[in-house]
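Read off the chains here:
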Amino acid sequence: MSLLETRDLRKQFGGLTAVDDVTFQVDRGETRAVIGPNGAGKSTLINCITGMLKPTAGSVHFDDQDITGMEPHVAVQTGISKSFQTASIFPNMTVKENVEIAALAAEHGSFQLNFFRDRGSFEGVHRISERMLDAVGLLKHRDQTAGSLPYGDKRRLEIAIALASEPEMLFMDEPTAGMSPEETNSTVDLIEELQDDLGLTILIVEHDMEIIFRIADRILVLNRGRVIADGTPEEVRDNEDVQEAYLGGVEL
Ligand SMILES: Nc1ncnc2c1ncn2[C@@H]1O[C@H](COP(=O)(O)OP(=O)(O)OP(=O)(O)O)[C@@H](O)[C@H]1O
């Protein structure tokens, strides 16, 4: 059963078709990657899913609801927009306070929907925050100010902040961009832990093929707005169209 699905999703900018009838699914608990060369339509596809852009045609379904073209503030009620919000770090607050604020904000935002759900205590917020900090390996730095963290740890804190709102799906937009090889490795380890420990559904856009082949269950490959391949890493790696689109025929 899919958590997220697009059906014949299309976005045109004047005469340019940036997303060309894209149909794909993200199943619960899977790590789903979207890849493609520059200008392939990855950002446009994601923006049509989150409501940042209105699709020209087709539909988007999240958790069995049609959310096509919904404004982000309406879509929040379906749980999808929590996954896509950009995590912003407050540099003068501690690592832990940053995560607690996100957990509190999520609780407030979902209050009307989860009227009978008892998360309404600071104890609950505290527990969620500690669990997420532990998950990203920042528990020992919880009392440090967020601004003093090294770059890689800041990106991990952003993941903890996103997780604190308990999203149905975690969206990661090039999570390792700008990281050193060591930071990249530990972030990939982290993603693997999140998959195993929390059973998260992850939608990831990433340029680094090595990372994608390591962590993705299924990969959607776009080129000039169209789906040219969709399958397991092995299926995608062996696909001639993918090799052609990416590297002009050089083997991946
Ligand atoms: N707002 C816009 N107006 C007009 N054309 C756009 C707009 N946004 C994107 N495009 C065009 O749509 C196509 C797809 O762009 P998009 O940014 O979705 O690709 P991408 O796969 O995310 O690329 P990159 O990997 O470089 O980020 C490109 O040709 C781009 O120039």
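Our structure's up above, just so we're on the same page.
Criteria and thresholds
Residues numbered from 1 in each chain as written. Predicted model: local features only at pLDDT ≥ 70, side-chain atom pairs only at ≥ 80, totals over all residues. Pairing = 2+ DSSP bridges. Helix = DSSP H or I, 4+ residues; strand = E, 2+ residues; numbered from the N terminus. Buried ≥ 20, exposed ≤ 12 C-beta atoms within 10 Å, placed from the backbone. Axes fitted to C-alpha atoms, helices over the stretch in contact; angles between N-to-C directions.

> I'd like to hear about the sheet that holds strand E2 (residues 16–27), residue by residue, with values.
Read across the open sheet, the four strands follow the order E2-E1-E4-E5; overall the sheet is antiparallel. Since the sheet does not close on itself, it has two edges, and those belong to E2 and strand E5 (65–66), each with one partner.

> How would you explain helix H1 (residues 42–50) if you had to name every residue and give the values?
Buried residues of H1: Lys42, Thr44, Leu45, Cys48, Ile49 and Thr50, and no others. Looking one or two places after H1, you find glycine 51, whose phi comes out positive at around 90°.

> So what about the sheet that holds strand E9 (residues 226–231)? Which residues, and what values?
Taken together, five strands build an open sheet; the order of strands is E6-E7-E3-E8-E9 and the sheet is mixed. Edge strands, defined here as strands with exactly one partner in the open sheet, are strand E6 (169–173) and E9. Averaged over all adjacent pairs, the angle separating strand axes in this sheet is 15°, with direction ignored. Sheet analysis places strand E8 (residues 218–223) next to E9, joined by five bridges and oriented antiparallel. Residue pairing for E9: valine 221 is matched across the bridge by alanine 229.

> I'd like a rundown of the pairing of E2, residues and numbers included.
Where strand E1 (residues 2–13) lies against E2, eight bridges are found, and the strand directions are antiparallel. Residue pairing in the sheet places glutamate 5 in a bridge with glutamine 25 of E2. Joining the antiparallel neighbours E1 and E2 is a turn of two residues, in which glycine 14 adopts a positive phi near 60°.

Note that every value here comes from positions in space, so none of it alone points to a role or purpose.
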